[in-house]
Amino acid sequence: MGNVIVEVEDVPLAALDRSALVTALIDERNRVVFFSQAAERLWGLGRDEVLGRDAGLVLSPGLSSRGDMPSSGPDLPGSGQTLAVKCRDGRQIGVFFSRSAIEIDGRLFHLLVALSPEGMPDGVMGRTNRQLFMAIDHTDQPMLVFNAQRQIVHVNRAFTESFGYELGEVLGLEPMAVFLSPNVSAEDLVRYRGLPWGRERFQTEMLVRRKNGSDFWVHISSSPFDGDEVDELNGYSVDILADITEEWQIRSLEHEVLEALTSSLSFEEVGNCLCRCIEAIAPGVIASVWRIAEGRIRPWAAPQFPPECRAAWDGVEIGEGVGSCGTTAYRGEPVVVRDIASDTLWASYKHLILPYGLRACWSYPVKRRDGSVAGTFAFYFREGRGSDSYLERIAEASVHLCVLAIEREEDRQQMNRLVQLDTLTGLPNRSHLLRRIDELLVSATWGDIACFNLGLDRFKDINEALGHAEGDQVLVAMANRLQRHLRPGQFLSRSEGDLFVIVAPDCDVHGASLMAERLLQTVAEPIVEVGGHALNLSASVGISLYPEGGQDRDALLANAKSAMYRVKRTGGDGYQFFIPEMNRALRDRLLLSAALKRAIASNGLSLHYQPQVYTVSGELYGFEALARWHDDEFGEIPPAKFIGLAEETGQIEAIGRWALREACRQLAEWRKAGAIVPTVSVNLSPINFHSRDLPEFVAGLLHEFALSGPSLTIEITESTMMALTPEMLDIVHGIRSLGVGLSVDDFGTGFSSLSNLINLPVTEVKIDRSFIDKCLEENRLQSLVAAVVGIGFSLDLTVVAEGVETREQRDLLSEYRCPVLQGYIFSRPMSPCEAFKWLFEGGGEPLEGCHRSLQRDSLWFREEVVKSWLKVFYPVLPRVLDALPLAVSWAAIPGAHIQYGNRAFDQLFGYPSGHFQTANQLIEEAYIHERQRDLLRRLWNDFALPSDASGLMSIPEVEVDILAGDGQMRTVLHWGLILPEQRVAIAFYKDISDFKRDSRLLSIR
């Protein structure tokens, strides 16, 4: 290749030479001074044959003269036309050339550019290029065409007009080297370079720079060429640009104001930020925003308005003809005034604005989500202004930002109100109360100040019995009632829960006493508006007087509260003044709480065990585990004291879990030593039933100490049973599924219904000791005890009477056939060693026939009790047995002819009544395993009686499998009695199929 005749630095000739572009550069004397490799292939001529020669050598005459390539006039830069190309072989083909005039060093050059026509049939290339470039040149949006190397091969007129670059100035260059703004961040530059230019369709936004150095934002839509008809353009792409500077300015406005909204700026500062941002992107505009409150205009922000102008508008009532903003707030729609001086809407108010050189105003309403007008936004102009789409878009965005700012301010104001008021009652809350007391203490106008702390008595029972919603209604009603009885200057606050605080200035001891009595009377008035219930309430009132009862607000409040709790501990429904001794009691309570925490951590608590005894047989039913605490400093602390303290200080759950573990460990130890202890019961707090892993914890203890589920009973109070939530109930069922018993302690002291006992998986109820204490004196209590025992029998629940201390109580409960007794008549709660000794030696005041042994080998019971029992019930024995939930059969001996089977017997074995004639038939037909059949025959000894038999004989428990007449296989616990004098054998059967299935499932787990 020869050298070009002229070097033109502003034209990238080397890049053009290597590209697929057909490129020729012609000087002002019509000589070819540059001829690209693609041009050599098109013409079939070497550049050494063309360079320096007249352009007519390669172009058709008439089209190659200098007259056809003027430097001005209709041939604009970047324009194109079809020229006839004369090839070496004499052919002429039409090719669409893009032509640009370039002035370099005072010389005029013409740059001809076309795509290479290789591989295309004659005439096709010209047609394709013509269609392509004509389409590009005639669009109003800036467009660029790139080759596969991302070099510019063509730009249209719109690009030149927008950027100021002609084709010749950018031909063959990469676009980022030409017009990418130097203000683009390095991060964005890396992102731009990583985009799939020329390979995929995509869109992006970019900050670019014009030839004159000004920056603006463009949206770029980049697409590769495709289609069979232009395969020769494979790899080429076209970029379409759109100026989005205004959109970016609005986005920046939104971004900056949103940042201000999320900052610590005040409401007024946010408004000023909005106005200044608008004025920065919209020259000639003066922005203002106003609040509308209670139908009047209130200043918000207008940085360029003089203060006196803003003050003049403050408080003006909105309405028709109240300027632009007053009218737009009244109408709820935009108001555009192009000439304030002549517009009737400004007739009465133009004197407020014209002196400041403002001539036009566009105002827009700012509406809340409910449609109400919260403010106005306005553009003011110093000259008349027609419609402007850009300003309208700014206004739309600004109105939305104003809505957000106003909602934020209203939320803040609401939060301030909430910070000072109780959300339930609307009374001042604790923080407001503290400020009020501080104000009174620093004021010298007041004498004595009385602080009353009023707590509703037993309010927890209302929540548990009626529900928390009704409890809230009680608090609201009480707040309203107390508020009505206040005198001027007195201050009422709800500090927490069911506690109210009243502060009364200028109130001495006598006045405080009278006021406390009035408060108690006010509370005692029936509340009839809560769920249709007439509730009679009482309150405990504690009083502290300034300065004797406290030198500062915290001391006054704490001392009044301390006095209130002292009233509660004495039964409530009264008032007390604080005395210094109460502080010492509070101090002792804090020290005791710390000691309790240490005791729990260091295993300083212990369990004592009180026996529970079967009423009839005198055998041990089980032990109740009771927590005890001895502290080196405080000595013996009563359970009622430290259990209550643990509940207040959040330590009760830890005590409950410790008690479960210790009781299971002790039971396993006793059994290992040979003691027969059927079960041990442990009291748990309601707090324990909030832990979802409680069933898993209990299952782990049973597995760790090799205990069956029935070996453990968990006691809950009646009030706890009433307050069980669905989540807590799931936990209870999870524990019961382990086979663990569930006992309702203190039964009869609450307000539970029989439906609770029916629906809950309860196995035992305990009659509260308060009923046992007085049952000998009060017939109504005797009836209640008898009713509870009857309920227990009806629901197949074990009934335990607590607090049995005298023979008379024992005899009465025995008469009512209460199954199990517990109390000092048998033993006080004992340490584990004392309980073990008690099992060997006996103790307390046993029933006739009562015995406690370590082994149950004997088949003979002492008979006095049984004889007396038979004397009463033998004549009506069938009716008695029919009422039992156990299956019972009665056979005459010898011969074992079955004379009777109760309803439960028929249901268990699934045969018609009277089907089994003899015990042997029953064993042969219903009992599945031969081994079990042989064992039963040996135990019953074919029902033959020893010649010297004269006392009661018992048959021990045997677990057998039966096949019932209904086809069901069941596991049954079988035991019995032989009554020699009556010549009767009684067999008992209890279905334990469900228990065995649950036990197997637990073992699988």
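Shown above is the structure to which this text applies.
Residues numbered from 1 in each chain as written. Predicted model: local features only at pLDDT ≥ 70, side-chain atom pairs only at ≥ 80, totals over all residues. Heavy atoms only, no water.

## A closer look at a nonpolar patch on the surface
Together, I928, L963 and M969 line one region of the surface with nonpolar side chains, adding up to about 270 Å² of accessible area. As for its position among the elements, I928 is in the loop between α33 (919-926) and α34 (930-940). (Patch = residues over 30% accessible without salt bridge, like charges linked within 9 Å, V, L, I, M, F, W, Y side chains within 5 Å. Areas by Shrake-Rupley, 256 points an atom, 1.4 Å probe, with all protein chains shown as cover. Salt bridge = Lys/Arg side-chain N within 4 Å of Asp/Glu carboxyl O. Helix = DSSP H or I, 4+ residues; strand = E, 2+ residues; numbered from the N terminus.)

## Quick look at the pattern of salt bridges
One side chain can pair with another of opposite charge once the charged atoms of both are near each other. Summed over all chains, the structure comprises 35 salt bridges. Taking the shortest distance from any N to any O, the salt bridge between E317 and R296 comes out at 3.9 Å. Linking E317 in the loop between α11 (307-313) and α12 (323-331) with R296 in strand β12 (residues 296-301), this pair joins segments that are 21 residues apart in sequence. Residue classification places R296 among the partly exposed residues on the basis of a relative accessible area of 34%. One salt bridge in this structure joins K568 and D457, with 3.4 Å as the shortest N-O distance. In this pair, K568 sits in helix α18 (residues 553-569) while D457 sits in the loop between β16 (449-456) and α15 (459-466), placing the two residues 111 residues apart along the sequence. Given a relative accessible area of 26%, K568 falls into the partly exposed group. The exposure class assigned to D457 is buried, which follows from its relative accessible area of 7%. One salt-bridge network, held together by shared partners, links E624, E715, K766 and E802. (Buried < 20%, exposed > 50% of the residue type's maximum accessible area, 1.4 Å probe, protein only.)

## Remarks on the sheet that holds strand β9 (residues 215-224)
If you trace the five strands from one edge of the open sheet to the other, you get β7-β6-β10-β9-β8, paired in antiparallel fashion. Here the strands that pair on one side only, and so sit at the sheet edges, are β7 (152-155) and β8 (202-209). Across the sheet, the axes of successive neighbouring strands diverge by a mean angle of 30°, strand direction being ignored. Relative to β7, strand β6 (residues 143-146) runs antiparallel, the two being bridged by three bridges. Along β7, the bridge assignment pairs F146 with I152. Of the strands in this sheet, β8 and β9 are in contact with helix α8 (residues 186-193), which crosses β8 at around 135°. Along the sheet, helix α9 (residues 245-261) contacts β8, β9 and β10 (237-243); its crossing angle with β9, the most-contacted strand, is approximately 115°. (Pairing = 2+ DSSP bridges. Axes fitted to C-alpha atoms, helices over the stretch in contact; angles between N-to-C directions. Contact = heavy atoms within 4.5 Å.)

## Notes on the pairing of β16
Counting buried positions along β16 gives eight out of eight residues, so the element sits mostly inside the fold. Burial along β16 is two-sided: I449, C451, N453 and G455 facing one way and A450, F452, L454 and L456 facing the other are all buried. Of the pairings in the sheet, the one linking β16 to strand β18 (residues 499-505) comprises seven bridges and is antiparallel in character. Within β18, the position partnered with L454 by the bridge is F500.

## As for the packing of aromatic side chains
Taken as a whole and judged by the stated rule, the model has 32 aromatic pairs. For the ring pair F909 and Y989, a centre distance of 5.2 Å and an interplane angle of 90° mean the geometry is edge-to-face. Here F909 is found in helix α32 (residues 903-909), whereas its partner Y989 is found in strand β36 (residues 984-991), with 80 residues between them in sequence. Residues W975 and F988 carry aromatic rings whose centres are separated by 5.6 Å and whose planes lie at 15° to one another, so their mutual orientation is stacked. With W975 in strand β35 (residues 969-979) and F988 in strand β36, this pair connects stretches of sequence that are 13 residues apart. Residue class for W975 comes out partly exposed when judged on its relative accessible area of 22%. Overall, F988 belongs to the buried group, its relative accessible area being 13%. Ring pairing ties together the aromatic residues W362, Y364, F377, F379 and F381, which thus form one cluster. Sitting over the face of the ring of F697, R657 holds its NZ or CZ atom 4.7 Å from the ring centroid. (Phe/Tyr/Trp six-rings, centres within 6.5 Å; stacked < 30°, edge-to-face > 60°. Lys NZ or Arg CZ within 6 Å of the ring centre and 35° of its normal.)

## Observations regarding a negative patch on the surface
Side chains of D448, D506, D508 and E548 sit close together on the surface and give a patch of like negative charge. On the secondary structure map, D506 appears in the loop between β18 and α17 (509-524). (Lys, Arg positive; Asp, Glu negative; His and termini not counted. Charge placed at Lys NZ, Arg CZ, Asp CG, Glu CD.)

## Points about the nonpolar core
Counting residues in each nonpolar core, the largest one holds 76 residues, and the members touching the most others are F623, W629, L660, F689, V698 and L712. When residues of this core are assigned to their parent elements, the largest contribution, nine residues, is made by helix α21 (residues 652-672). Excluding residues that lie within four positions of it along the chain, L712 makes contacts with L660, C664, T679, V680, V682, V698, L702, V740 and G741. Membership of the second largest hydrophobic core comes to 38 residues, among which are C275, A287, V366 and V399. (Core = buried A, V, L, I, M, F, W, Y, C linked by side-chain atoms within 4.5 Å.)

Functional significance is not addressed by these values, which are geometric in nature.
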